[in-house]
Amino acid sequence: RSTLFPYTTLFRSTQTSDLAMVQAGSGIYTKINIPGVSYIKGFGKNVAFISSSIQLTPLKGSYSATNPLPDSLAVYIADPKNRVLSQLAYSTGKVYANKIVPADLDLLPYYEVDITPFFTSVLANTGINKNSLLIGAVASQIGKTINPVVFSGTDSKNEIVKMHVYCYIDKSK
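> How should the environment of Leu108 be read in this particular structure?
By secondary structure assignment, the location of Leu108 is in the loop between strand 8 (96-100) and strand 9 (110-114). When its relative accessible area of 24% is taken as the criterion, Leu108 is described as partly exposed. In this structure the C-alpha to C-alpha distance between Leu108 and Lys60, which are 48 residues apart in sequence, comes to 7.4 Å. Setting aside anything within four residues of it in sequence, one finds Leu108 in contact with Thr57, Pro58, Lys60, Tyr63 and Pro102.

> Help me understand the environment of Gln87 in this model?
Mapped onto the elements of the fold, Gln87 is located in strand 5 (residues 84-87). Each C-alpha atom, one on Gln87 and one on Ile77, is 6.0 Å from the other, the two residues being 10 residues apart in sequence. When near neighbours in sequence (up to four residues on either side) are disregarded, Gln87 contacts Ala74, Val75, Tyr76, Lys94, Val95 and Tyr96.

> What is the right way to read helix 1 (residues 116-124) from this model?
Note that an α-helix has 3.6 residues per turn; residues three or four places apart therefore point the same way. Of all the residues in helix 1, the buried ones are Thr116, Pro117, Phe118, Phe119, Val122 and Leu123. Where helix 1 is buried, its residues contact strand 3 (46-56), strand 4 (72-78), strand 6 (89-90), strand 9, strand 10 (132-136) and strand 12 (161-170).

> Looking at this structure, how should I read the pattern of salt bridges?
Any two side chains of opposite charge can pair, given that their charged atoms come close. In the structure shown here, the tally under the stated rule is 2 salt bridges. Between Asp71 and Lys99 there is a salt bridge whose closest N-O contact spans 3.5 Å. Within this pair, whereas Asp71 is found in the loop between strand 3 and strand 4, its partner Lys99 is found in strand 8, the two being separated by 28 residues in sequence. A residue is classified by how much of its surface remains accessible, and Asp71, at 59% relative accessible area, is exposed. Look at Lys99 and you get partly exposed, because its relative accessible area is 27%.

About the criteria used
- Residues numbered from 1 in each chain as written.
- Predicted model: local features only at pLDDT ≥ 70, side-chain atom pairs only at ≥ 80, totals over all residues.
- Heavy atoms only, no water.
- Helix = DSSP H or I, 4+ residues; strand = E, 2+ residues; numbered from the N terminus.
- Buried < 20%, exposed > 50% of the residue type's maximum accessible area, 1.4 Å probe, protein only.
- Contact = heavy atoms within 4.5 Å.
- Salt bridge = Lys/Arg side-chain N within 4 Å of Asp/Glu carboxyl O.

Any functional reading would require information beyond the geometric quantities listed.
Pasting the structure below:
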């Protein structure tokens, strides 16, 4: 067991009304599985992966002036048993999900994280990757705050969770 994540209880989004939560005081983290990453290589003769990112939007009404959203959230790589392997990082430093507040007042704030290092490591492996991402409080904030961040599943009006993958695929024979 990890000292950061001593509990391994896992709830599927179908058990939580398609809500995901991050709460440092109780050690709740959002887990993101991306099962098809390793299959990108099979789409063409030459696949050049460029970058990837995830955008998560907090549920409207779950935050306020008295319960503000944190400026950033940590991103960890975990094995299939939810054991933390490492914090997601480039060679230049750790990767965080940073809060973005759009200038357009009609748009909700969201978190964006560059998951290119995760994709790159998965594509470099020859086997199928079963690792996942855990998004939660920055380690220095664990146990110091209880303000939750609630993410909601996609609805018909607005995509709450988005993933972008950019690559060049040569489909010539």
